[in-house]
Amino acid sequence: MTSRAELSSSTPAAPGPLTPRPYRVTGRKAEVGDVVTLSLEPCDGHLVPPSAHGQFNMVTAFGVGEVAVSIAGDPDDSGHLEHSVRDVGAVTHALCTAPVGAVVGLRGPFGTGWGVEHLPDGPDVVVVAGGIGLAPLRGAVGELVRREREGRGRVFVVAGARSPDQVLYADDLDRWRRAGSSVVVTVDLGSTGWEGPVGVVTTLLPELPFDPAGAWALTCGPEIMMRFVARALVDRGVDPRRVLVSLERNMQCGVGLCGHCQLGPLLVCRDGPVVPYGGTADRLLLERGR
Amino acid sequence: MSHTVETVLRSHPFLAGLPEGTTELIAACSSLATFEPGQLLLSEGEAADTVFLLHHGQVAVEVHRPAGGSLWIETVGSGHLVGLSWASSPFRWQFDARALEPVSAVAIDVGELRAGLGRHPDLGFALLDRLMGRLVDRLQSTRLRLLDLHALGDDQPR
């Protein structure tokens, strides 16, 4: 029902958190496999809302649906947003095939971030990503590489992929390596020409030369991978409360109203996606049947 | 610094913490070995009569494809053991192992090792217990890879 106040108002109200704003696709890059990175900018000339590394937006393919997508670029870099989308369903397919110039809807940012901007100087930070799990970590790693170059603490990046031709953001990984950070990419299956290790990411953690005392760890990827990564890091002596994981659930409203993304006591869209392993995700990642 | 079998074994992570006498027992049936990039340490189907403790370098455990070329199943680096089939019948290598870079290793004669461990069952138990730990690690990482986690879409971030 339309209220009298709405009818008489001469200035449009600011859109609420449930109202998508139109964004134009300004760039489209086919990454590896079925992943596409879209660059988006607001159609209405407004600035992209500030966000933290690790947060997500709800992105609408008009006429198809809406889906939660992690912010994959560095929000400080430019006036556009980057979202890497994996083509796994109707909505993501529509987004992945959206041409430059197309208009999509977007609302957000939502949820918790990695908090790398608040890290104290000194401790090592370990980043472990599997597949497209590197997307929500991309901006954070950029920040951590800058932190290392300023002598404020080392970063160790471990990324896993199915095969050498499936390594996401290979250019970024090279750039971070050239900047002096430790970057190791491992693949499930290698072949001649591959120069990195072969095996799952967890096999690299026991010998990764970081100092676990005071270290922080950020991990994102398939949940099973995160469980094993978190355990391996704790086995190395990392405080489980300093191991952060990014959860993926059925995020819909983005603001903790609808309950579709409930996981135990958490509403992942509001209380996550980034949560500590110790005391939170360690129990939730073992819940079955959700 | 030139290395001897004894110096390499004394600092080798695989043997760290094993009972006194283990290193000496292994040293008595070992020699130093080096491999150039591309050279095979182990060949599929051959008798598993020598096992290697890597001191330096990377080795790919691989299987060759009928169509040509090889698939790398895993890579093994310094501080690790190359070769598991020596520990169980029929004592034949199931895969190839190829040096990816200059490799130095301690080559252990399995027949002599088995005889030595037969004379010192306490050391044999300790060594097999250590080996079992590595086997479990590899089994678990293999199971994770069997899940083909990167191909699953239902719980991945988008």
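Each remark here, short or long, concerns the structure printed above.
Structural notes, computed from the coordinates.

Thresholds, definitions, all that
Residues numbered from 1 in each chain as written. Chains lettered and ligands numbered in written order. Predicted model: local features only at pLDDT ≥ 70, side-chain atom pairs only at ≥ 80, totals over all residues. Heavy atoms only, no water. Helix = DSSP H or I, 4+ residues; strand = E, 2+ residues; numbered from the N terminus. Buried < 20%, exposed > 50% of the residue type's maximum accessible area, 1.4 Å probe, protein only. Areas by Shrake-Rupley, 256 points an atom, 1.4 Å probe, with all protein chains shown as cover. Lys, Arg positive; Asp, Glu negative; His and termini not counted. Charge placed at Lys NZ, Arg CZ, Asp CG, Glu CD. Pairing = 2+ DSSP bridges. Salt bridge = Lys/Arg side-chain N within 4 Å of Asp/Glu carboxyl O.

A word on the overall build of chain B. A tally of helices and strands in chain B yields four helices and eight strands. Counted from the first residue to the last, chain B has its helices and strands arranged as α-α-β-β-β-β-β-β-β-β-α-α. In terms of its C-alpha atoms, chain B occupies a principal-axis envelope of roughly 55 × 35 × 30 Å. Expressed as a percentage of its 158 residues, the buried residues of chain B come to 44%. Accessible surface, chain B as shown: approximately 8100 Å² in total, 55% of it carbon and sulfur. One way to put it: in chain B the 12 positive side-chain charges average out to a point 4 Å from where the 19 negative ones average out.

Once that is clear, we can look at the sheet that holds strand β4 (residues 59-64) of chain B. Ordered by their spatial adjacency, five strands build an open sheet running β10(A)-β5(B)-β4(B)-β7(B)-β2(B), and the pairing between neighbours is antiparallel. On the outer flanks of this sheet lie β10 (190-191) of chain A together with β2 (40-42) of chain B, each paired with one strand and no other. As paired strands, β4 of chain B and strand β5 (residues 70-76) of chain B are joined by six bridges and run antiparallel to one another. Of the residues in β5 of chain B, the one forming a bridge with Val-59 of chain B is Val-76 of chain B.

Right, let's talk about the pattern of salt bridges for a bit. Residue and element names in this part refer to chain A. This structure, assessed with the given rule, holds 17 salt bridges over all chains. A salt bridge links Arg-107 to Glu-66; the shortest N-O distance between them is 2.6 Å. Residue Arg-107 is found in strand β6 (residues 103-110), and its partner Glu-66 is found in strand β4 (residues 65-70); the two are separated by 41 residues along the sequence. Accessibility expressed as a relative area gives 31% for Glu-66, which makes it partly exposed. The closest approach of N and O atoms between Arg-146 and Glu-143, which form a salt bridge, is 3.3 Å.

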